[in-house]
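# Secondary and tertiary structure notes
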Amino acid sequence: MNWKLEVEKILPRVQKPARYAGGELNSVVKDPAGVSLRFAFCFPDLYEVGMSHLGMKILYAQANERPDTWCERVFAPDADMEALMRERGIPLFGLESRDPIREFDLIGFTLQYEMSFTTVLNMLDLAGLPVRSAQRGAAFPLVVAGGPCTCNPEPLADFVDIFVLGEGEEVNPELYDLIIAAKKEGISKGELLRRASLIQGLYVPSLYDVSYKEDGTIAAVTAREGAPARPAKRIIRDMDGVFYPQNFVVPFVEAVHDRAMVEVLRGCIRGCRFCQAGFIYRPFREKSPQVIDRDGRSLCETTGYDEISLSSLSTSDYSRLEELLDKMLPWSEKGSINLSLPSLRIDGFSPKLLEQIAKVRKSGLTFAPEAGTQRMRDVINKNITEEEILSTCRTAFEGGYCAVKLYFMIGLPTETEKDIEGIVDLAQKVVDLFYSLPDRPRGKGVAVTVSLASFVPKPFTPFQYEPQDTEEMLREKQHHMISYVASKSKKIRINYHESKTSHLEAVLARGDRRLCAVVEQAWKNGCRLDGWSEHFDHQRWVDAFAACHVDGGFYANRTRPYDEILPWDHLDYGVTKSFLTRENQKAHCDATTPNCRLQCSGCGANKLLGRACL
Ligand code: SF4
């Protein structure tokens, strides 16, 4: 069967055929006969989402820089495309070559969010591969997964051969070398996995046995065949020396973030206690303004983008931000290129910074106070005061802004009704502030949007021990807030995140290997693209839990004692459990921890760096 021809035939029949066409500017095509390794980089979501992802751009370009490797992109097909592929028996293919990915040496997934897990299985199945590693046996391709969700990969342990712990730029080249050498030497897959387990940053789940106590908690995780007892993540030590792409593939279909991006730093100095990214990407490391400026110029030249963003967890924590903007603003203004700073902390908003970004961007502003009362902000270690929030909004309003979006969470540990009402009260203070300003934008009203997410306790955070509110509790809180806001103001709009997906996220984020059966059953029930409300079907998940006799509440709604063996305790992500426990205890005393610049609180991550972070 000529697959390429078959794909050609079905493309006119699907929505957005450009998602599956390949051939974009800067996509890489090589001669398959001239490479030793073919790598299918799979993003378990639609093209528009995957093409916005910086990590994929970096790893795609890095792999393709090697003459011996050809990396292709693969995205999840939407329902219409999937139906046609299944009807015609077309296997999942690489966008660049349209060759079936089951013929490649390596299939790599990036796991950005738990709701993509069933899509991983669906993509393996569409590729024509058994979803379970054991059923794939000695056959290649090797199935690998990286990304933030691999800090607790156990709910996917039965499906993935190797998990990458930490930063792919650092560990992937060693994995490529290993596979190429294994092919040359003709060594078995089992031996390859054993050798992979000895490389720092790779975790081979099949080499670990998990036993359970009668109460359902973990008794022990035991390594076999010489695998390390505690596999550790890998990090980049020199951010200026690390590979960064000098061009991006420019998507045909508009991506969620369709722009150039430069990374300014990794890690976070803040330590907000709910935030997984703030802990798993530690230690804090910055790039120099010269390197960021060079990469930014190159990307704008090679892609033709008229927007570039400075990407990081908290760009205003970049110690040389004003110096960087002084370098980048002249050429970006001259080239009519918008410079955007998506991750600004509310207290990092100096008048000079506002003046600098206001030169190129005057839409809405977004801030994340996360909690409405000072007590709650202290519990979560969001070291921001109400005065700081209001003074930042004042500066913004005086600078011409009149729309503000405020991000909050409900269901946080120790939360009371007062904390919920505090969210609305704070939003109302922002409204009142606007109308009290003599210098406010004339002839315009203010729009304050409150975006509410439900708290999801995550591994490797100080809140990893905390119970999540049940769906009923979260729904009640949402209703209370809506009636409270109705009694207060017409200028505040509330958006909230579906509590059913938040519950599932909590189950999958802190799950163990027994959830593999549930994920597989949910996929068999028809789940895929669960992050999309039009595809998500809660009942299919409920049925999967019931069929597997697994109680989701055991994972989501239970307080975990400090001495319980957690499913991810055998993985070393730098931050120590004793630090996370200390931080949890402080949260319950409403006590804050200063940021890393003010004082190192000994999280343990700097051991990966081999020196002090700052
Ligand atoms: S080791 Fe200290 S400075 Fe480094 S990330 Fe941890 S707390 Fe911050």
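All values reported here derive from a predicted model rather than from experimental measurement.

### Re the layout of surface pockets
If you add up the space inside the second largest pocket, you get close to 250 Å³. Looking at the second largest pocket, it is lined by 18 residues, and the ones nearest its centre are Lys 57, Tyr 60, Ala 61, Pro 245 and Asn 247. With six residues, helix 3 (residues 54–65) is the single largest residue contributor to the lining of the second largest pocket. Here the residues of the lining of the second largest pocket are counted per class, giving ten nonpolar, five polar and three charged.

### Re the side chain of Ser 116
Note on placement: Ser 116 falls in the loop between strand 3 (106–110) and helix 5 (117–127). For Ser 116, the side chain forms a polar contact with the main-chain oxygen of Tyr 113, separated by 2.7 Å.

### Observations regarding the environment of Ala 134
Its place among the elements puts Ala 134 in helix 6 (residues 133–136). Each C-alpha atom of the pair Ala 134 and Val 450 lies 47 Å from the other, and the pair is 316 residues apart in sequence.

### Brief notes about the environment of Lys 327
Mapped onto the secondary structure, Lys 327 falls in helix 11 (residues 321–334). Judged by relative accessible area, Lys 327 falls into the partly exposed class, the value being 31%. Once the C-alpha coordinates of Lys 327 and Ile 292 are considered, the two residues, 35 residues apart in sequence, prove to be 9.7 Å apart. In this structure, Lys 327 is in contact with Pro 289, Gln 290, Asp 293 and Arg 297, ignoring residues within four places of it in sequence.

### So, the pattern of salt bridges
Between side chains of opposite charge, pairing is possible as soon as their charged atoms come close. All chains considered together, the criterion is met by 57 salt bridges. Across the pair Arg 224 and Glu 225 runs a salt bridge, and its minimum N-O distance is 3.2 Å. The partly exposed category is assigned to Arg 224, whose relative accessible area is 31%. One salt bridge in this structure joins Asp 317 and Arg 270, with 2.4 Å as the shortest N-O distance. Note that Asp 317 is positioned in the loop between strand 12 (307–311) and helix 11 and Arg 270 in the loop between strand 10 (265–266) and helix 9 (277–280), a separation of 47 residues in sequence. Relative accessible area serves as the criterion here: at 5%, Asp 317 is assigned to the buried category.

### Description of helix 18 (residues 515–524)
An α-helical turn contains 3.6 residues, so a residue and the one three or four places further along point in the same direction. Taking burial as the measure, the ten residues of helix 18 include seven buried ones, the bulk of the element. For helix 18, the full list of buried residues reads Leu 515, Cys 516, Val 518, Val 519, Glu 520, Ala 522 and Trp 523. Contacts made by the buried residues of helix 18 are with helix 5, helix 17 (499–509), helix 19 (538–548) and helix 20 (552–556). Directly beyond the C-terminal end of helix 18, a positive phi value near 115° is found at Gly 526.

### A closer look at the sheet that holds strand 17 (residues 492–496)
Strand order in this open sheet of four strands is 14-15-16-17, and the pairing throughout is parallel. Each edge of the open sheet is held by one strand with a lone partner, namely strand 14 (365–370) and strand 17. Across the sheet, the mean angle from the axis of one strand to that of its neighbour is 25°, orientation sign disregarded. By the bridge criterion, five bridges tie strand 16 (residues 447–454) to strand 17 in an arrangement that is parallel. Following the sheet pairing, Ser 451 is matched in strand 17 by Asn 495. Sheet strands in contact with helix 15 (residues 417–436) are strand 14, strand 15 (403–410), strand 16 and strand 17, and its direction is about 170° off that of strand 15.

### Some details on the site of the ligand
Every residue near the ligand is listed here: Arg 282, Cys 596, Cys 600, Ser 601, Gly 602, Cys 603, Asn 606 and Cys 613. Class assignment for the residues of the shell around the ligand results in four nonpolar, three polar and one charged.

Rules used throughout
Residues numbered from 1 in each chain as written. Predicted model: local features only at pLDDT ≥ 70, side-chain atom pairs only at ≥ 80, totals over all residues. Heavy atoms only, no water. 1 Å grid on protein atoms, 1.4 Å probe; cavity = no way out; pocket = protein on both sides within 12 Å on 5 of 7 lines; lining within 4 Å. Points joined across faces, edges and corners; volume = space filled by probe spheres on them. Helix = DSSP H or I, 4+ residues; strand = E, 2+ residues; numbered from the N terminus. Nonpolar A, V, L, I, M, F, W, Y, C, P; charged D, E, K, R; others polar. Polar contact = N/O pair within 3.5 Å; in protein donor to acceptor, adjacent residues only side chain to side chain. Buried < 20%, exposed > 50% of the residue type's maximum accessible area, 1.4 Å probe, protein only. Contact = heavy atoms within 4.5 Å. Salt bridge = Lys/Arg side-chain N within 4 Å of Asp/Glu carboxyl O. Pairing = 2+ DSSP bridges. Axes fitted to C-alpha atoms, helices over the stretch in contact; angles between N-to-C directions. Near = heavy atom within 4 Å.

All we've got here are geometric facts, nothing functional implied.
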